[in-house]
Amino acid sequence: MKVELTVNGKEISADVEDRLLLVHFLRDVADLTATNIGCETTSCGACTVLLDGESVKSCTVLAAQADGGSVTTLEGLAADGQMHAVQEAFHQEHGLQCGFCTPGMVMAIVSLLKENPSPTEAEVRTGLEGNICRCTGYHNIVRAALAAAEAGK
Ligand code: FES
Ligand code: FES
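So, a few notes on the structure that sits alongside this text. Being a predicted model, the structure only gives us computed values, none of them experimental.

**Looking at helix α2 (residues 85–92)**
Here is step 1: Along α2, the positions that sit buried rather than exposed are Val86, Gln87, Ala89 and Phe90. Along the axis of α2, the buried residues cluster in a sector spanning 160°; they form a single face.
Here is step 2: Directly beyond the C-terminal end of α2, a positive phi value near 55° is found at His94.

**Comments concerning the sheet that holds strand β4 (residues 54–57)**
Here is step 1: With mixed pairing, five strands are arranged side by side in an open sheet as β2-β1-β5-β3-β4. One side of each edge strand has no neighbouring strand; the edge strands of this open sheet are β2 (10–15) and β4. The mean angle between the axes of side-by-side strands here comes to 35°, regardless of whether they run parallel or antiparallel.
Here is step 2: Here strand β1 (residues 2–7) pairs with strand β5 (residues 70–72) via two bridges, running parallel. Residue pairing for β5: Thr6 is matched across the bridge by Ser70.
Here is step 3: Against the sheet, helix α3 (residues 102–115) makes contact with β3 (48–51), β4 and β5, and its axis sits at roughly 40° relative to β3, the strand it touches most.

**Some remarks on the nonpolar core**
Here is step 1: Ranked by size, the top nonpolar core spans 23 residues in total, and within it Val86, Phe90, Met105, Ile109, Leu128 and Ile141 carry the most contacts.
Here is step 2: Breaking this core down by element, the ones donating at least two residues are α2, α3 and α5 (138–151).
Here is step 3: For this core, the element with the most residues is α3, which contributes eight residues.
Here is step 4: In contact with Leu128, not counting residues within four places along its chain, are Met105, Ala108, Ile109 and Ile141.
Here is step 5: Judged by nonpolar contacts, the second largest core, of 18 residues, contains Val3, Leu5, Leu51 and Val61.

**Here we look at the environment of Val3**
Here is step 1: Residue placement: Val3 occurs in strand β1.
Here is step 2: Separated by 64 residues in the primary sequence, Val3 and Asp67 have C-alpha atoms spaced 5.3 Å apart.
Here is step 3: Excluding its chain neighbours within four sequence positions, the residues that come into contact with Val3 are Ile12, Ser13, Ala14, Val16, Phe25, Ala63, Ala64 and Asp67.

**Observations concerning helix α1 (residues 22–29)**
Each α-helix turn comprises 3.6 residues. Residues three or four places apart therefore point the same way.
Here is step 1: Of all the residues in α1, the buried ones are Leu22, Val23, Phe25 and Leu26. On an axial view of α1, the arc spanned by its buried residues comes to 165°, and they lie on one face.
Here is step 2: On the buried face of α1, the contacting elements are β1, β2, β3 and β5.
Here is step 3: Positive backbone phi, at 65°, marks Asp31, one or two positions downstream of α1.

**Structural notes on the side chain of Thr35**
Here is step 1: In this fold, Thr35 is placed in the loop between α1 and β3.
Here is step 2: Apart from the residues within four sequence positions on either side, Thr35 is in contact with Val23, Leu26, Arg27, Ala46, Cys47, Val49, Ser58 and Thr73.

Rules and cut-offs
- Residues take numbers from 1 onward in each chain, read along the sequence in its written order.
- All chains are assigned letters beginning at A, and all ligands numbers beginning at 1, according to the order in which they are written.
- Local features in a predicted model are, by the rule used here, given only for residues with pLDDT of at least 70; side-chain atom pairs are given and counted only at 80 or more, and totals for whole chains, interfaces and linings are based on all residues.
- Side-chain numbers come from the whole structure's heavy atoms, not from hydrogens or water.
- Each residue gets one of three labels from its accessible area relative to the maximum for its type: buried under 20%, exposed over 50%, partly exposed in between, using a 1.4 Å probe on protein chains only.
- Going along the chain from the N terminus, every DSSP run of H or I of four or more residues is numbered as a helix, and every run of E of two or more is numbered as a strand.
- The reported arc concerns the directions from the helix axis to the C-beta atoms and nothing else.
- Pairing between two strands is assigned when DSSP locates at least 2 bridges connecting them.
- Here an axis means a line fitted to C-alpha atoms, over the contact stretch when the element is a helix, while the angle between two N-to-C directions is reported on a 0 to 180 degree scale.
- By definition in these notes, contact holds between two residues if any of their heavy atoms fall within 4.5 Å.
- The criterion is simple. A nonpolar core is a set of buried Ala, Val, Leu, Ile, Met, Phe, Trp, Tyr and Cys residues joined through side-chain atoms within 4.5 Å.

And the structure:
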């Protein structure tokens, strides 16, 4: 079937199999490989992107379900050569180790801060429950989220 998506502001259309997952559309059709595949079972959050402004795990959404929608991936966050505040905070607070979970963490935090611009530490931890870091670097990830919230005030 034909699927048309706006990805990071660019329209992309393709004939795809009905069963193609959004994460595979992003990686294999749109050629945007920042969105990682960890579990493919909605458990790890490595594939988190924004679909029409809401964070979704792109391994649980069919490309066909997203047809006509607007997707933002990690590649779409920086603007005018400037990192997004959450990316900057990850850099400042050393919020990554191997970096595999990082794109999903960053997108989940962007979504979290949109809903709650001044979260408590507990709210950040709760908000990130769907995202797993195998390096167990949660402490600095949470610090990065709080730093980004502070920078946004
Ligand atoms: Fe989607 Fe793990 S790859 S949640
Ligand atoms: Fe390695 Fe999170 S930094 S999985």
